[in-house]
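Coordinates in review
This is what each chain is made of:
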Amino acid sequence: MNLVAPDAFRAIDPEPPFDLHTLVRKLYPLPRSLTGDGVRETLREIGRHVRLRIHEVPSGTPVLDWRVPPEWTMRGGSIRSLDGDTIVDWAGNNLHVMGYSTPVHGTVTREDLAGHIHTLPEQPDAIPYRTAYHAQSWGFCIPDRLWATMTDDAYRVDIDSELAPGSLTYGELFIPGHGAEEVVVSVHVCHPSLANDNLSGMVVAAALAARQAAGRRNRLGLRILFLPATIGAITWLARNEDVLPRIRHGLVLTCVGDPGPFHYKNSRRGAPIDRAVGHVLRHGGHPHALLPFTPYGYDERQFCSPGYDLPFGCLMRAVHGTFPEYHTSLDDCDFVTPAALEQSYRLVADVIDLLDADRTLVRIDGRGEPQLGRRGLYRAIAGQSEAGGATQMDLLWVLNLADGRHSLLDMAEQAERPFAHIKAAADVAEQAGLLREVA
Amino acid sequence: MNLVAPDAFRAIDPEPPFDLHTLVRKLYPLPRSLTGDGVRETLREIGRHVRLRIHEVPSGTPVLDWRVPPEWTMRGGSIRSLDGDTIVDWAGNNLHVMGYSTPVHGTVTREDLAGHIHTLPEQPDAIPYRTAYHAQSWGFCIPDRLWATMTDDAYRVDIDSELAPGSLTYGELFIPGHGAEEVVVSVHVCHPSLANDNLSGMVVAAALAARQAAGRRNRLGLRILFLPATIGAITWLARNEDVLPRIRHGLVLTCVGDPGPFHYKNSRRGAPIDRAVGHVLRHGGHPHALLPFTPYGYDERQFCSPGYDLPFGCLMRAVHGTFPEYHTSLDDCDFVTPAALEQSYRLVADVIDLLDADRTLVRIDGRGEPQLGRRGLYRAIAGQSEAGGATQMDLLWVLNLADGRHSLLDMAEQAERPFAHIKAAADVAEQAGLLREVA
Amino acid sequence: MNLVAPDAFRAIDPEPPFDLHTLVRKLYPLPRSLTGDGVRETLREIGRHVRLRIHEVPSGTPVLDWRVPPEWTMRGGSIRSLDGDTIVDWAGNNLHVMGYSTPVHGTVTREDLAGHIHTLPEQPDAIPYRTAYHAQSWGFCIPDRLWATMTDDAYRVDIDSELAPGSLTYGELFIPGHGAEEVVVSVHVCHPSLANDNLSGMVVAAALAARQAAGRRNRLGLRILFLPATIGAITWLARNEDVLPRIRHGLVLTCVGDPGPFHYKNSRRGAPIDRAVGHVLRHGGHPHALLPFTPYGYDERQFCSPGYDLPFGCLMRAVHGTFPEYHTSLDDCDFVTPAALEQSYRLVADVIDLLDADRTLVRIDGRGEPQLGRRGLYRAIAGQSEAGGATQMDLLWVLNLADGRHSLLDMAEQAERPFAHIKAAADVAEQAGLLREVA
């Protein structure tokens with residue numbers, strides 16, 4: 001007798017609904033920034049896989065302590081020799097022009113140009129990623145080795161950009177659940193050709209949305225936010241006060257495409273998401289580290305600001321600022337791997353399923369152990385091997401801890417058992433009429 | 001000046017009131033089971049040492065989620081060769097017939113017999129202990145080495161047993177205290193010829209009862225329960241709802257006769273008994289381990305079920321399922337030693353005395369230290385060696401922590417001092433009019 | 001742009017207001033005891049540096065559980081050979097006569113004298129420090145090596161002392177703060193020629209008072225108590241019930257002149273002073289150990305008695321009873337060093353300043369991060385090196401934790417940053433209108 005489907009809470013289909021790395025490669029060349037057509041094209045491409053709602057918020061709109069910035073339109077940029085040879089061309093790599101560069105056209109001396117050139121002397125072949133959102137200046141980002149060869153007295157520089165009233169663009173998707181509460185997954189979309197940071201997060205989030213939209217009907221709603229960093233999160237928060245009380249769990253996803261170990265940064269308030277992610281990482285056997293909350297990082301900074309203090313953690317593999325490819329042209333499509341992307345997808349799917357399945361049960365008669373034999377539950381489970389699924393021991397844990405004060409995750413953590421096994425045992429006991437859910 | 005009797009809280013007589021190992025040997029051959037005359041004879045024998053009340057609960061009586069089972073009467077059982085040679089005889093070892101075997105009389109082929117034979121191939125000389133309380137089947141338990149020699153084509157099998165309405169038998173004893181609250185010690189009595197599991201617990205419990213009955217008058221009542229495992233505890237719980245609110249501390253005793261280190265399994269709710277046992281083990285210098293609560297084990301499973309959540313821990317030496325003699329004929333009278341039994345007896349006596357002596361005192365004037373000199377308490381104690389009893393430091397701890405929020409055990413734990421010393425110092429301070437008990 | 005003065009909260013002048021070791025040497029020979037002119041002269045000498053209020057409490061005055069003792073006047077004491085040669089003379093070292101010795105004049109046999117002689121056989125050149133406040137006896141304290149040479153049959157002994165109604169003397173000083181709450185620093189003044197125990201505490205406390213009196217105006221008042229041990233603290237407590245509710249933090253200072261590592265004994269109740277001292281020790285890079293509260297030691301025993309349970313810790317360098325110089329003539333002016341005294345002074349000044357500066361701030365709009373750029377705060381701080389002062393990270397911590405539930409010290413501890421940096425960042429944010437203080 002085998003009542004137990006040990007993977008009952010796992011994804012219906014553990015395979016991602018589309019090829020993640022293919023989408024990374026497709027999105028890679030699009031010239032994203034805080035605003036502008038690069039983000040619009042990116043969201044349009046993602047919208048081929050999931051039904052995304054696109055929001056446009058006009059420049060100048062007050063959002064919390066900020067205003068939506070002017071829109072930056074970028075059409076081209078180059079450095080040429082006075083002979084007309086093109087030395088640096090934005091069309092070849094959109095990292096070459098500093099984000100939010102003002103327009104410039106003319107000839108400058110090498111000395112003047114030097115003040116507008118960004119290189120990485122310690123990584124001489126890499127192009128750095130730089131922005132100057134509020135600085136009203138322009139700049140080029142190039143390999144240090146190239147700059148060393150640029151010894152002419154003067155150069156022709158052109159940046160065909162425009163900073164003008166327009167709008168900030170973000171994408172949103174909401175799949176309702178049975179109840180009013182929801183899980184939010186947020187990814188930043190404002191970086192140009194950087195694959196791990198954060199095309200990886202974007203494609204994993206899109207795949208989660210597609211999976212959930214494909215017929216799954218969960219208890220918790222799932223909301224996915226594709227936001228320009230900082231100002232996008234602030235804009236979304238300012239426009240969604242009514243949604244906030246329904247957010248039960250939140251997760252920022254970033255840099256989840258490299259093959260390194262996972263890093264999970266806990267929420268500011270020590271929310272249940274922290275234990276859920278920790279549980280899945282631990283019982284999944286993933287090399288990982290759990291990091292304390294700090295107020296630096298990604299948009300958890302906004303979600304966890306003290307006036308909101310929302311239950312958001314941040315899942316990463318490589319951690320910002322600590323890997324050599326970070327914010328350079330080395331963070332390209334080869335730095336993220338299909339296997340790592342899929343593993344990250346499955347991990348987050350497991351977390352979402354765990355959060356959805358977690359609930360609190362109470363023994364209908366908790367006085368003594370129930371007679372399992374006459375219900376066919378005595379050693380119904382015990383006969384299985386420990387590895388294969390829930391055991392008699394899981395059932396005993398559930399029956400003992402079902403006092404209305406322990407959720408299934410609480411039980412799994414106290415019993416040091418995988419959530420799936422505890423859930424399976426609880427399902428068996430509930431079907432046998434021994435447990436009921438606490439409202 | 002020596003106001004301090006360091007062993008004031010110890011047993012009046014640290015020697016057990018009767019020889020524990022002698023009683024183990026006397027009880028060993030009696031054919032115990034969940035029900036039946038073996039249990040009755042066992043309780044009658046224990047009743048020679050303590051005034052035991054015997055309860056008989058009719059088969060079929062509803063008890064919580066269960067019903068009292070039919071009574072199993074066992075008169076004999078054998079396997080004989082067709083030549084009439086007796087190969088296996090229950091009269092020689094009552095482990096030979098599986099508990100609650102249905103009657104069988106006849107000749108069976110070796111092949112059919114094999115389905116009813118239980119052996120331990122890895123311990124070929126040991127007889128396993130097996131039961132089938134609810135299975136309506138029969139079986140023999142024999143050494144694997146014997147089974148290997150049984151190569152005849154057919155054998156004569158006889159089990160002269162009866163499964164019929166009768167009653168479940170358990171023993172109970174209650175020695176009232178000054179107050180309404182009580183300590184409960186519970187032991188299972190349903191195992192046949194297994195000495196450590198649980199004749200050891202039974203004789204230690206009987207000795208504790210005899211000691212307490214012999215003129216000691218404690219604050220807490222002492223209740224000792226001699227119960228068939230699981231169904232006995234469930235039956236007792238179902239019939240004693242009125243007693244439950246008075247249970248301040250509870251202890252299940254099992255496998256306390258082997259000479260190995262102690263194992264104490266904490267209560268589900270983290271009750272004070274856990275700290276008391278831990279304190280006595282630690283300060284007694286006993287090798288020991290403290291184990292977390294788990295919902296598997298002995299009758300703490302019932303007492304700590306979520307609807308009751310009573311303050312029961314479980315004291316063991318060897319832990320069920322982890323020692324080679326467990327549930328085999330090797331768990332015999334040689335496996336338990338007189339010294340181990342007595343040490344266990346003294347340990348539990350110390351725990352009971354500690355629980356009885358633990359109370360909360362408050363300084364009558366807690367503003368500043370009292371002037372010890374004019375009360376004859378200045379260095380009255382300090383002159384003694386640390387080893388010999390309470391010190392000036394114990395007195396200072398008591399005077400400082402007597403704020404009505406620390407019991408004597410709290411003080412002993414915070415001060416990292418033996419309870420006996422803290423108690424002695426508290427007695428001195430109370431006699432000097434510096435402390436009063438908190439109601 | 002550098003808005004940050006990293007040492008803003010440090011002493012206006014980190015140098016002590018007078019030379020500490022000079023004052024130790026001046027006080028060293030004065031014959032202090034529980035009562036008498038030695039204490040009066042000591043307080044008069046300290047009064048040259050700070051305006052001290054001297055209290056005289058008549059002998060016999062009831063104070064809590066005690067009475068103020070008779071006053072001990074000591075004029076001279078000697079042991080002479082019958083030839084008239086002076087062998088031991090109190091005028092040479094005031095440790096030579098046991099504290100509170102009754103008068104004696106006459107010739108005693110060596111055998112009788114032996115019962116009144118205290119030596120340290122294991123430190124044969126040291127004079128022990130002994131008292132017999134309530135014993136009505138007399139005694140001499142001498143080097144064991146000297147005693148070994150005293151082989152005459154009889155000696156002439158003279159102790160010209162007087163135990164008579166008089167008063168107990170203590171000193172007090174209070175520098176008001178802006179608010180009603182205060183910090184108390186208490187030192188014992190009753191030991192004769194022992195430099196570390198406790199001239200060190202006395203001169204550090206006097207210097208703290210002089211520093212604070214010199215124009216600093218703090219939020220918290222500062223009260224310094226110069227008290228004879230035990231009975232002095234009890235007397236002060238009995239006479240100052242009205243002050244007690246205003247004591248926010250308290251610190252007993254003792255043995256702070258030797259060059260060893262610091263030892264801080266935590267308060268009984270786990271008061272904020274514990275975290276403040278721990279923080280300053282840790283971030284100051286001082287070798288140190290934090291000790292749990294115990295009811296033995298200095299006057300924290302009285303302040304932390306259960307009826308008061310005031311927030312007092314005790315700061316020491318060498319710990320009573322654990323260093324060879326303790327309570328002997330080896331605890332002299334060479335055992336305490338100018339550098340150690342000054343370091344202790346600065347440490348306590350830092351603690352007092354931290355306690356004074358600690359407060360709770362709340363974000364005026366805590367929804368999202370504020371736009372630092374338009375306030376000139378974006379990387380206003382980040383440009384500085386970590387070592388030089390507060391960083392952008394400190395500012396982010398402050399902005400994130402300013403939820404009205406974290407004091408600046410809470411923030412510093414959670415961020416694992418020096419308090420001074422967090423305070424500097426909070427000052428910047430407050431000046432920018434981002435924070436307000438919680439009442």
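On a predicted model such as this, the values are computed, not experimentally measured, just so you know. (Residues numbered from 1 in each chain as written. Chains lettered and ligands numbered in written order. Predicted model: local features only at pLDDT ≥ 70, side-chain atom pairs only at ≥ 80, totals over all residues. Heavy atoms only, no water.)

1. Things to note about the relation of the copies chain A and chain C
Superposing chain A onto chain C takes a rotation of 120° plus a shift of 0.1 Å along the axis, which leaves an RMSD of 0.1 Å. Such a turn and shift between the copies fits a three-fold axis. When each C-alpha of chain A is compared by its distance to the rotation axis, glycine 270 of chain A comes out closest, at 14 Å. (Least-squares fit on C-alpha atoms with pLDDT ≥ 70 in both.)

2. Regarding the sheet that holds strand β18 (residues 403-407) of chain A
Residues and elements named next belong to chain A. A sheet is described by the order of its strands in space; here 3 strands give the open sequence β18-β17-β19, paired in antiparallel fashion. For this open sheet the edge positions go to β18 and β19 (435-437), each flanked by a neighbour on one side alone. For this sheet, the mean inter-axis angle between neighbouring strands, taken without regard to orientation, is 35°. Judged from the 2 bridges that link them, strand β17 (residues 360-363) and β18 form a sheet pairing that is antiparallel. The partner of threonine 360 across the bridge, within β18, is serine 407. The sheet contacts of helix α11 (residues 408-415) involve β17 and β18, and relative to β18 the element is tilted by about 75°. With respect to the sheet, helix α12 (residues 419-431) is in contact with β17 and β19, its orientation differing from that of β19 by roughly 105°. (Pairing = 2+ DSSP bridges. Helix = DSSP H or I, 4+ residues; strand = E, 2+ residues; numbered from the N terminus. Axes fitted to C-alpha atoms, helices over the stretch in contact; angles between N-to-C directions. Contact = heavy atoms within 4.5 Å.)

3. As for the environment of threonine 42 of chain C
Residue and element names in this part refer to chain C. In this structure, threonine 42 sits in helix α2 (residues 37-46). Considered as a pair, threonine 42 and tyrosine 28 are 14 residues apart in the sequence and their alpha carbons are 9.2 Å apart. When sequence neighbours within four positions are dropped, the list of residues in contact with threonine 42 reads Leu27, Leu30, Arg32 and Met202.

4. Things to note about the environment of leucine 220 of chain B
Residue and element names in this part refer to chain B. Positionally, leucine 220 belongs in the loop between α5 (195-213) and β12 (221-227). Exposure remark for leucine 220: the relative accessible area of 3% places this residue in the buried category. Considering only alpha carbons, one finds leucine 220 and alanine 180, 40 residues apart in sequence, at a separation of 7.1 Å. The contact partners of leucine 220, leaving out residues within four places of it in the chain, are Gly177, Glu181, Glu182, Val183, Gln212, His249, Leu355 and Asp356. (Buried < 20%, exposed > 50% of the residue type's maximum accessible area, 1.4 Å probe, protein only.)

5. Details of the interface of chain A and chain C
Opposite the 19 residues of chain A that make contact, chain C presents 19 residues. In this assembly, chain A packs against chain C so that about 1600 Å² is buried in total across both faces, 50% of it on carbon and sulfur atoms. There are 5 salt bridges connecting chain A and chain C. Between aspartate 65 of chain A and arginine 374 of chain C there is a salt bridge; the shortest N-O distance is 2.9 Å. Seen at the junction of chain A and chain C, the total is 13 residue pairs in polar contact (both at pLDDT 80 or more). Here the residues of the side of chain A that touches chain C are counted per class, giving 9 nonpolar, 5 polar and 5 charged. (Buried area = accessible area lost by both parts, 1.4 Å probe. Salt bridge = Lys/Arg side-chain N within 4 Å of Asp/Glu carboxyl O. Polar contact = N/O pair within 3.5 Å; in protein donor to acceptor, adjacent residues only side chain to side chain. Nonpolar A, V, L, I, M, F, W, Y, C, P; charged D, E, K, R; others polar.)

6. As for a negative patch on the surface
All names here are of chain A. A surface patch of negative charge is lined by Asp83, Asp85, Asp152 and Asp153. Summarising the element assignment, aspartate 85 is placed in the loop between β4 (71-81) and β5 (86-89). Using a relative accessible area of 48% as the deciding quantity, one classes aspartate 85 as partly exposed. (Patch = residues over 30% accessible without salt bridge, like charges linked within 9 Å, V, L, I, M, F, W, Y side chains within 5 Å. Areas by Shrake-Rupley, 256 points an atom, 1.4 Å probe, with all protein chains shown as cover. Lys, Arg positive; Asp, Glu negative; His and termini not counted. Charge placed at Lys NZ, Arg CZ, Asp CG, Glu CD.)

7. As for the sheet that holds strand β4 (residues 71-81) of chain B
Residues and elements named next belong to chain B. Taken in spatial order, the 4 strands of this open sheet run β5-β4-β9-β6, and their pairing is antiparallel. Strands at the two margins of the open sheet, each flanked by one partner only, are β5 (86-89) and β6 (104-109). Here the average twist between neighbouring strands, direction ignored, is 20°. Pairing between β4 and β5: 3 bridges, direction antiparallel. Across the sheet, serine 78 pairs through a bridge with aspartate 89, a residue of β5.

8. Comments concerning the pattern of salt bridges
Summed over all chains, the structure comprises 94 salt bridges over all chains. The salt bridge partner of aspartate 403 of chain C is arginine 268 of chain A, with a shortest N-O separation of 2.8 Å. One end of the pair, aspartate 403 of chain C, is in strand β18 (residues 403-407); the other, arginine 268 of chain A, is in the loop between β14 (262-265) and α7 (272-283), on a second chain. Per residue, the accessibility class of aspartate 403 of chain C equals that of arginine 268 of chain A, and both read buried. Arginine 246 of chain C serves as the salt-bridge partner of glutamate 182 of chain C, at 4.0 Å between the closest nitrogen and oxygen. Here the residue glutamate 182 of chain C occupies a position in strand β11 (residues 182-188), and arginine 246 of chain C occupies one in the loop between α6 (231-239) and β13 (247-253), the gap between them amounting to 64 residues.

9. Let's talk about the domain arrangement of chain A
All names here are of chain A. Domain assignment breaks chain A into domain 1 (20-69 + 167-357), domain 2 (73-164) and domain 3 (360-437). Listed as interface residues are 7 residues of domain 1 and, on the opposing side, 10 residues of domain 3. Roughly 760 Å² is buried in total at the junction of domain 1 and domain 3, and carbon and sulfur atoms are behind 58% of that figure. Looking only at domain 1, the three residues that lose the most surface to domain 3 are Arg275, His279 and Ala357, adding up to 60% of its buried area. For the pair domain 1 and domain 3, the number of links is 2 salt bridges. Linking domain 1 to domain 3 there are 4 residue pairs in polar contact (both at pLDDT 80 or more). Those elements giving two or more residues to the side of domain 1 that touches domain 3 turn out to be α7 and α9 (338-357). (Domains from an automatic or database assignment.)

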